[in-house]
Amino acid sequence: MKARLERRVPLPWEHVKSCDEDARAGERIDAILRASSYVQADRDTAFLRDNATRGVRLQLDYLKTEEILRASGVERTIVVFGSTHLRESATARAELEAARRDARADPGDAALGRALRVAEHRVELSRYYDIGRELGRLVGQSGDPGLAVLTGGGPGGMEAANRGAFDVGAKSIGLNISLPREQYPNPYLTPGRCMRFHYFAMRKLHFMKRAVALVALPGGFGTMDELFCALTLIQTRKNAAIPVVLIGEAYWRKVFDADFLLESGSIDEEDRELFWYAESAQQAWTSILAWHRRNGGPLSGQSETKEDRS
């Protein structure tokens, strides 16, 4: 017999106390129901945002993304970091022309002169947007449903990698973060695979949890934060070794001098070997595949092409 929620005879607590018995009963019950204490805990947003419930929020920040990725069959990720300031080539060139016009109009303005130099550098760096996009295509074309591109979900280098996967019809992942000034996800992420975090710590955990390679396009503080966090985890063996590829050797050698760290004794020889450089998407992808062949088999269950093995 099918269980019934309804009762033929209502229980006493299904009705408020009669005003015939107490004329102010309804007023008092309304006050009780309006009080924050009566809000069910999992629906009480003020309570959930309280300092005392931070541990619960940390758990939820972790668990929602974990359940989504598990349900979608994502087992391994190629994580791509890169500056939000990386531009598409056409956009960078248009910004450079505008900066040139402004600088010509007021050649004595130091701020306009600096803006022009920045625009020139961004044109030079725009090639890395194309490299990130091509890398996303290569990962997307692997044919492995358990492997996906994962980025921070924002514009620039992150957008480029997600866009490459989008170009070939592959799904990709974005891990956005709540910021004082809202960060919009880039439009090339797969709906249902873009998550937003409150805590950077939980976001970083998910960057690394399924990572089988990390690729860093030229970037700033955020990219360096994620890169050095990953290198530290691998150095201290808190994370299994994975390939770490820095795209653009000339750029990264200016950002930090690993050889100086080695010579000064701040790191060891084996720490300097935790990462390497690449100049193209194909070079990065080929080196990642080769690393996995040397360290326990192919990256995925799919057969590699002749081009991949070259």
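Residues numbered from 1 in each chain as written. Predicted model: local features only at pLDDT ≥ 70, side-chain atom pairs only at ≥ 80, totals over all residues. Heavy atoms only, no water.

A. Expanded view of the overall build of the chain. When you go through the chain residue by residue, the secondary structure sums to 14 helices and seven strands. Here the chain has a C-alpha radius of gyration of 27 Å; the compact-globule value for 310 residues is 19 Å, and the former is much larger. Once the C-alpha set of the chain is aligned to its principal axes, its extents read approximately 85 × 60 × 45 Å. The buried share among the 310 residues of the chain stands at 41%. A separation of at least 24 residues holds for 68% of the contacts in the chain among residues at least 6 apart in sequence. A total of about 18400 Å² of accessible surface is found on the chain, and carbon and sulfur atoms cover 54% of it. (Helix = DSSP H or I, 4+ residues; strand = E, 2+ residues; numbered from the N terminus. Rg over C-alpha atoms; globule rule 2.2 N^0.38 Å. Buried < 20%, exposed > 50% of the residue type's maximum accessible area, 1.4 Å probe, protein only. Contact = heavy atoms within 4.5 Å. Areas by Shrake-Rupley, 256 points an atom, 1.4 Å probe, with all protein chains shown as cover.)

B. Representation of the nonpolar core within the structure. Counting residues in each nonpolar core, the largest one holds 32 residues, and the members touching the most others are Ile173, Leu214, Leu227, Val244, Leu246, Trp252 and Phe275. For this core, the secondary-structure elements that each account for two or more residues are β1 (76-81), β2 (147-151), β3 (172-177), β4 (194-197), α8 (200-209), β5 (211-216), α9 (221-235) and β6 (244-247). Apart from residues lying up to four places away in sequence, Val244 is in contact with Leu214, Leu227, Leu231, Ile234, Leu274, Phe275 and Trp276. Grouped together as the second largest cluster of nonpolar side chains are 25 residues, Ile131, Val212, Ala213 and Ile247 included. (Core = buried A, V, L, I, M, F, W, Y, C linked by side-chain atoms within 4.5 Å.)

C. Fine view of the sheet that holds β5. Taken in spatial order, the seven strands of this open sheet run β4-β3-β2-β1-β5-β6-β7, and their pairing is parallel. The sheet is open, and its two edges are formed by β4 and β7 (276-278), each paired on a single side. Pairwise comparison of adjacent strand axes, ignoring direction, gives a mean angle of 25 degrees for this sheet. As judged from the five bridges shared by β1 and β5, these two strands associate in the parallel manner. Looking at the pairing, Val80 lines up with Val215 of β5. (Pairing = 2+ DSSP bridges. Axes fitted to C-alpha atoms, helices over the stretch in contact; angles between N-to-C directions.)

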